[in-house]
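Chain by chain, the residues run as shown.
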Amino acid sequence: MNDVAPNLILYPLFAMFALVAMVLLRMRRMRFAAVRSGEVSIKYYRAYQEGDEPEALKVVSRHFVNLFEMPVLFYVGVIMTYITQSVSYWMVALAWMYVALRYVHSWVHLGSNDVRVRVTVYFASAGVLLLLWASLFLTLVLGA
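The model shown is predicted, which means the values in this text are computed figures rather than measured ones.

Parameters at a glance
- Per chain, the residues get numbers from 1 upward, laid out in the order the sequence is written.
- The predicted nature of this model means local features are confined to residues of pLDDT at least 70 and side-chain atom pairs, given and counted, to a pLDDT of 80 or more, with totals for whole chains, interfaces and linings taken over all residues.
- Remark: hydrogens and water are excluded; side-chain values derive from all non-hydrogen atoms of the structure.
- Labels follow the DSSP assignment, with helices taken as runs of H or I lasting at least four residues and strands as runs of E lasting at least two, numbered in each case from the N terminus.
- Residue exposure (1.4 Å probe, protein chains only): buried if accessible area is under 20% of the type maximum, exposed if over 50%, otherwise partly exposed.
- Each helix should span, by expectation, one fewer than its residue count multiplied by 1.5 Å.
- Pairs of N or O atoms are called polar contacts if they sit within 3.5 Å, as long as, within protein, a hydrogen donor faces a hydrogen acceptor (for residues adjacent in sequence, only side-chain-to-side-chain pairs).
- For our purposes a nonpolar core is just a set of buried Ala, Val, Leu, Ile, Met, Phe, Trp, Tyr and Cys residues, chained together by side-chain atoms within 4.5 Å.
- Contacts: residue pairs with any heavy atoms within 4.5 Å of one another.

Caption draft 1: Highlighting the overall build of the protein chain. From N to C terminus, the protein chain includes six helices and zero strands. Reading the protein chain from its N end, one meets helices and strands in the order α-α-α-α-α-α. Principal-axis analysis of the C-alpha atoms places the extent of the protein chain at approximately 60 × 30 × 20 Å. Taking all 144 residues of the protein chain together, 40% fall into the buried category.

In structure tokens form, the structure reads like this:
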């Protein structure tokens, strides 16, 4: 499309993978500690019944699941951008903006968990994702 190295669009995917890996490791550490301390029975994790997780663990577990919801649309959009040779500085910037907002969302959700801030950041990331998809669509349809 222009003089942008196509691989630049892929680096944000690695950054998202790193975020997912960090949250996974945090969840693992917290779950093992909760089982060791007796806060949660190991039986709970067989079918996620027979008991409950402490709130902090529920938050990190929910956040981990959240990383496999909207971000899936991000992964597909970035891969489609790469495959269709629609990489531009604009698309790379949108991809990095989305990732940055997801990191901020994680920091808020797993930190202060201020719902107002969290929702604001979440919808900002959704807006960036919408822009990414709209830009890809316009590039493919209009050749813009």
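Right, picking up where we left off after that structure.
Caption draft 2: Molecular detail of helix 6 (residues 115-142). The terminal C-alpha atoms of helix 6, which comprises 28 residues, lie 39 Å apart, in line with the 40 Å expected from a rise of 1.5 Å per residue. Listed in full, the buried residues belonging to helix 6 are V121, S125, A126, V128, L129, L132, S135, L136 and T139. Of the residues flanking the start of helix 6, the one acting as N-cap is D114, its side-chain oxygen 3.0 Å from the backbone nitrogen of R116.

Caption draft 3: Local environment of the environment of V40. Counting through the fold element by element, V40 comes out in the loop between helix 1 (11-37) and helix 2 (44-47). V40 sits in the buried class, given a relative accessible area of 3%.

Caption draft 4: Main features of the environment of F68. With respect to the secondary-structure elements, F68 resides in the loop between helix 3 (55-66) and helix 4 (70-83). Looking at F68, the relative accessible area reads 45%, which means it is partly exposed. Between the C-alpha atoms of F68 and A134, which are 66 residues apart in sequence, the distance is 21 Å.

Caption draft 5: Representation of the nonpolar core. Counting 37 residues, the largest nonpolar core has I9, V23, L57, V60, F74 and V78 as the members making the most contacts within it. Among the secondary structure elements, those contributing two or more residues to this core are helix 1, helix 2, helix 3, helix 4, helix 5 (89-110) and helix 6. For this core, the element with the most residues is helix 1, which contributes nine residues. Residues contacting I9, with those up to four places away along its chain left out, are V78, T81, Y82, V87, M91, V92 and A95.

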